[in-house]
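Next come the chains, spelled out residue by residue.
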Amino acid sequence: MTREEYASMLFPNCKHDRAYYEKKYKRRELPEGAFVTRIGPSPTGFVHIGTLFQSVIATKLASQSGGVSYVRIEDTDQKREIENGKEAILKAVSDYDMPFNEGPIIGGDYAPYVQSERVDIYQAFAKDLIIRDLAYPSFITEEELAKLTDEQARLKQRIGYFGKWAAKERAYTMEEVMEKVNNGESYTIRLKSQGDFENKVFIDDAIKGRIEFPENDMDSVIIKSNGIPPYHFAHPVDDYLMGTTVVIRGEEWLSSVPLHLEIFKALGIEPIKYAHTSSIQKEEDGKRRKISKRKDPEANVEYYTKMGIPKEAVKVYLLTLANSNFEEWYLANPGVSTDEFKMTFEKMSGSGALFDTEKLNNIAKTFLSTVSAEDLYERILNWARVYDESFASILDSNRDKAISFLDIERHGNKPRKDIGMYSEARDTMMYMFESPEKYDWQKITDKNEIASILKTYMDKYYDDTDNDAWFSKVKEMCDELGYASDMKAYKKNPEEFKGSVADVSTVIRVGITGSSRTPNLFDIIKILGRDEVEKRINKLL
RNA sequence: GGCCUGUUGGUGAAGCGGUUAACACAUUGCCCUCUCAAGGCAACAUUCAUGGGUUCGAAUCCCAUACAGGUCACCA
């Protein structure tokens, strides 16, 4: 039996050989210095903020260098898979304005972009390793492996399948293997490691710099018993065939670099550049940890949609985490598209940043202060249609009123920044559409005094011609009722007055809106109109 | 436990042998002011995890230690 025949027996379903695929997928022709980047998310139905973080880096580096970015779905673990997982990922990256050039559904010259559809490719490469005696079939069961691990732990030795622990299986003859296979024993394919733990290998990581490791000496599984490879084998094969120039991935992969380097070497492929990003962290009980899908709602991209945080703001926040000089650039270039910013590996931090909700909120508020009232209205409405139907129908039937309200203090160079997420909109503007149910009185709480102020206001001092006229009337009323119309005078001698114009305005404000914190009162009165204001005040009286 | 990474204020960070240790968020105070939001001004690290060393000079270079994180699967 030749080694070719032997390999074919081990891969009975493998249609093509390695050379076929190397010929099929041509090398990319790109300008000097162009990056080919990718993201490799697993379709679990849950789009992780980290995926978005990798995406913004991958797409930006590719587009600014005249390169290519693509999405490759890494679904080699069917246990975790979920229906529509890849659609969710593709939708998220497109929603967040991270345009990949190739991927599933999008297409491209290196299709398929889904690992489960590339099984024949991986097998062809694994078969090549069998032929060249750099891999071997392994029949060890999970139970045996667990026993071995215990034994190693007891002996306080390095844990894993390597060296003498793997010697028995490495030594099987082709005939022995054939017999086991014919008996129906299931097997994996393992790398026959040539490495020595005493030797060093290193990478020049684009973010972390030069890192040295002991060589890999583990006989890792490269094809699982179901014929599908684990990540460790799919990664070198795919990134080679698909022409990736730099692998951007989370630092949790750092420790498997020696394994990947050895696989590249066994395959006779030039290893590619790595850029290991530090992971976004969360603090809990004074301890930092990687942001967790299970514990932290903000790990799920859907959270931002649900809260109504603008996608633009999320992207800006991710950019500030990705490149330390982005924030200054962003502040210095208002109104300029973030596409203009030049991203570099040098400005990526080697340490993990704590997720800062406050900062995100600030970015969101600032961003929303720059959009037009109409735009903001549409954004809030679209959000409400999904998450707050009753509010959506109110907005729908009060379009003009809502827009007028949102337009208050929105102009000039100091626009109002009171809404950071669409989910806050209901509370900040509901009083425009119906009479308040609760009244947040401040300094003046006496019912008779409140009634007197509101009644006098409506009877004698109502004015909605313009802001100055309106305020003059309020001041006149203060003089009549014994309140200070001039704040400076009041501050000097507060004891001479019952209160100030501020207190009186507050009564009017709360009387109409229920809230003590609103945008400019005159504008609100003007939008509501005399009839509505009168109705509300009479109801109160 | 082995291997790897990281450590500058509450947070994100700039810094690359000589700086008053940028900037931004948050916080506090003042100003503006009919409230709120915004805006303006100011305060907030004598010290860069700790201890040694090199140097005229160290956050920056070297060595130890501590702490934190990651990883050691037929998961990614």
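The structure we're discussing is the one just above.
Calculation criteria
Each chain carries its own residue numbering, running from 1 in the direction its sequence is written. Each chain takes a letter, starting from A, and each ligand takes a number, starting from 1, following the order in which they are written. Per-residue local features are limited, in this predicted model, to residues with pLDDT of at least 70; the limit for side-chain atom pairs, both in listing and counting, is 80 or more; totals at the level of whole chains, interfaces and linings are taken over all residues. Side-chain descriptors were evaluated using all non-hydrogen atoms of the structure, hydrogens and water having been removed beforehand. The nearness test applies per residue and asks whether one of its heavy atoms lies within 4 Å of the molecule or strand. Any N or O atom pair separated by 3.5 Å or less is treated as a polar contact, with the protein-specific requirement of one donor-capable and one acceptor-capable atom, and with residues adjacent in sequence counted only for side-chain atom pairs. Helix and strand definitions follow DSSP, with helices as H or I runs of at least four residues and strands as E runs of at least two, each counted in order from the N terminus. Whether a set of points on the 1 Å grid over the protein atoms alone is a cavity depends on a 1.4 Å probe fitting there but being unable to get out, while an open set qualifies as a pocket with protein on both sides within 12 Å along at least five of seven lines; lining residues are those with an atom within 4 Å of a point. Grid points are joined across faces, edges and corners, and a volume is the space filled by probe spheres set on the points. Asp, Glu, Lys and Arg are counted as charged, while Ala, Val, Leu, Ile, Met, Phe, Trp, Tyr, Cys and Pro are counted as nonpolar; the rest, among them Gly, fall into the polar class. Burial status follows relative accessibility: with a 1.4 Å probe on protein chains alone, a residue under 20% of its type maximum counts as buried, one over 50% as exposed, and anything between as partly exposed. Note that the arc is computed from the directions linking the helix axis to the C-beta atoms. Here the axes come from fitting lines to C-alpha atoms, over the contacting stretch only for helices, and the angles between their N-to-C directions go from 0 to 180 degrees. Angles below 35 degrees are treated as roughly parallel, those above 145 as roughly antiparallel, those between 65 and 115 as roughly perpendicular, and all remaining angles as oblique. By convention the crossing between two helices is left-handed if the near helix lies anticlockwise of the far one by an angle smaller than a right angle, and right-handed if it lies clockwise. Residues count as neighbours in contact if any of their non-hydrogen atoms are within 4.5 Å of one another.

A few words now on the protein's contact with RNA strand B. Surrounding RNA strand B, one finds 63 residues, the nearest of these being T76, R288, E327, R416 and R509. Near-protein atoms of RNA strand B (within 4 Å) split between backbone and bases, with sugar and phosphate holding 70%. Note that a phosphate oxygen of RNA strand B is positioned 2.6 Å from one of the side-chain N or O atoms of T76. Here a sugar or linking oxygen of RNA strand B sits 2.8 Å away from a polar atom, N or O, in the side chain of D77. The set of elements that each furnish at least two residues to the surface near RNA strand B consists of β4 (188–191), β6 (209–214), β11 (287–290), α13 (326–332), α14 (357–368), α20 (467–481), α21 (487–492) and α22 (501–513). With four residues, the top contributor of residues to the surface near RNA strand B is β6.

Attention now moves to empty space enclosed by the protein. Taken as a whole and assessed by the stated rule, the structure comprises one cavity of 30 Å³ or more. In this model, the largest cavity occupies a volume close to 80 Å³. A per-class count over the lining of the largest cavity returns six nonpolar, no polar and four charged.

A separate point is helix α16 (residues 389–397). Of the residues making up α16, those classed as buried are F391, A392, I394 and L395. Down the axis of α16, the buried side of the element spans an arc of 160 degrees, and every buried residue falls inside it. Seen from the open side of α16, the exposed residues pointing more than 90 degrees away from its buried face are E389 and S397.

Bringing the packing of helix α1 (residues 3–10) against helix α5 (residues 119–131) into the picture now. The geometry of a pair of packed helices is captured by two quantities: the angle between their axes and the separation between those axes. Here α1 crosses α5 at 140 degrees, and the two axes come no closer than 9 Å. As far as their axial angle goes, α5 and α1 are oblique. For α1 against α5, the interelement crossing comes out right-handed. Contacts from R3, E4, Y6, A7, S8 and L10 in α1 reach K127, I130 and I131 in α5. Class assignment for the residues of the contact of α1 with α5 results in five nonpolar, one polar and three charged.

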